[in-house]
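# Structural features, examined
The chain contents come next:
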Amino acid sequence: MAEARKSMIKFKPKKFKVGDTIKVDFIVIHPMDTGLKKDKKTGEIKPAHFIDTITFSLDGKPFTTMKVWETVSTNPYFSVNLKVLGKGKVTVEYSDNTGEKNSKSKKLKPKG
Amino acid sequence: MKRRIFLKSICTVSAIAVTAPSTLLAKEAMKGENALSYDAAVMAITSGKAVTASDKVKLVVPEIAENGAVVPVKVHVESPMTDTDYVKAIHVLSSKNGNARCADVMLTPLNGKGYFATRVKLGATQDVVALVEMSDGTFLRAAKSVKVTIGGCG
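All chains use their own residue numbering, which begins from 1 and follows the written sequence. In the order they appear in the text, chains get letters beginning with A and ligands get numbers beginning with 1. Local features in a predicted model are, by the rule used here, given only for residues with pLDDT of at least 70; side-chain atom pairs are given and counted only at 80 or more, and totals for whole chains, interfaces and linings are based on all residues.

Here we come to the overall build of chain B. Helix and strand assignments follow DSSP, with helices taken as H or I runs no shorter than four residues and strands as E runs no shorter than two, numbered in order from the N terminus. The helix and strand inventory of chain B stands at two helices and nine strands. Listed by position from the N terminus, the elements making up chain B come as α-α-β-β-β-β-β-β-β-β-β.

Structure follows, in structure tokens:
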């Protein structure tokens, strides 16, 4: 069973208005193992284990999709922009090469 | 005299013995199962279509990577991001990693800006490349060299 992963969505700037274009940062705790490194303790090769698909949605409608490889750093960071048209909910869904799926949401609350 | 020659030859031999396997490992170590080399990756993305170097694509990477395992990459593409004129995709690649592909980011006008940032692993000094597909089907490109002292892949 997939264990829940720690992840975070950040809007930059924190305070914004309707009509602004903000940054949406997403960071998640994930090993992003390439399948080429050995475990220092056991001497065994750690199998490839990396996030391969990410979808950013606003109120259920995707606005950015990503295909990602093991060449992205451990505990990956991704950043894109979003035009703020009103209140809503941003959801980031991601899956990895083992089939593990997770998601994180954050409410979009523009001031004025 | 003979002793000096003997000692010299031992030093040279052991130096070779130490470097050779690690260079081999460095080459082998970078290739995973679905690895595509840079040229193969570009072909997979563009299907052979022309790619133009463009200063509409601004690629921001460090000149020297303190840590090859975590190299920040930012791509800015000048674009109105309207329904008829927007950045369709930003592909981040590396020129010499065993797997040249890092990320394919499919954007939409709702992004508001043609922008993507992430952190990648670089196994050795090489170019980071941003391959950008515009909504009219054209491909733009920007590349920058990053010096890597401690390789990022193992």
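What follows is about the interface of chain A and chain B. Interface size is commonly expressed as the accessible area that is lost once the parts come together. The interface of chain A with chain B comprises 26 residues on the first partner and 28 residues on the second. Residue polarity follows a fixed list, in which Ala, Val, Leu, Ile, Met, Phe, Trp, Tyr, Cys and Pro are nonpolar, Asp, Glu, Lys and Arg are charged, and the others, Gly among them, are polar. Class assignment of the residues belonging to the side of chain A that touches chain B gives a composition of 13 nonpolar, nine polar and four charged. Here strand 4 (residues 61-68) of chain A runs beside strand 6 (residues 101-106) of chain B; their pairing, made up of four bridges, is antiparallel. Pairing of A:Lys67 across the sheet is with B:Asp104, part of strand 6 of chain B. C-beta atoms are first placed from the backbone for all residues, and any pair lying within 7 Å is then listed as a contact. Pairing between two strands requires that DSSP report at least two bridges joining them.

With that out of the way, let us pick up the environment of A:Ser95. The topology assignment puts A:Ser95 in strand 6 (residues 88-96). Distance from A:Ser95 to A:Thr55, taken between C-alpha atoms, is 9.2 Å for residues 40 residues apart in sequence.

Another point: the sheet that holds strand 2 (residues 21-28) of chain A. As summarised here, the arrangement of the six strands in space is 1(A)-2(A)-5(A)-7(B)-4(B)-2(B), forming an open sheet in which the pairing is antiparallel. With one partner strand each, in any of the chains shown, strand 1 (7-12) of chain A together with strand 2 (57-60) of chain B form the two edges of the open sheet. Across the sheet, the mean angle from the axis of one strand to that of its neighbour is 15°, orientation sign disregarded. As judged from the seven bridges shared by strand 4 (residues 71-77) of chain B and strand 7 (residues 114-120) of chain B, these two strands associate in the antiparallel manner. Looking at the pairing, B:Val71 lines up with B:Val120 of strand 7 of chain B. With axes taken as lines fitted to C-alpha atoms, and helix axes fitted only over the stretch in contact, angles between N-to-C directions fall between 0 and 180 degrees.

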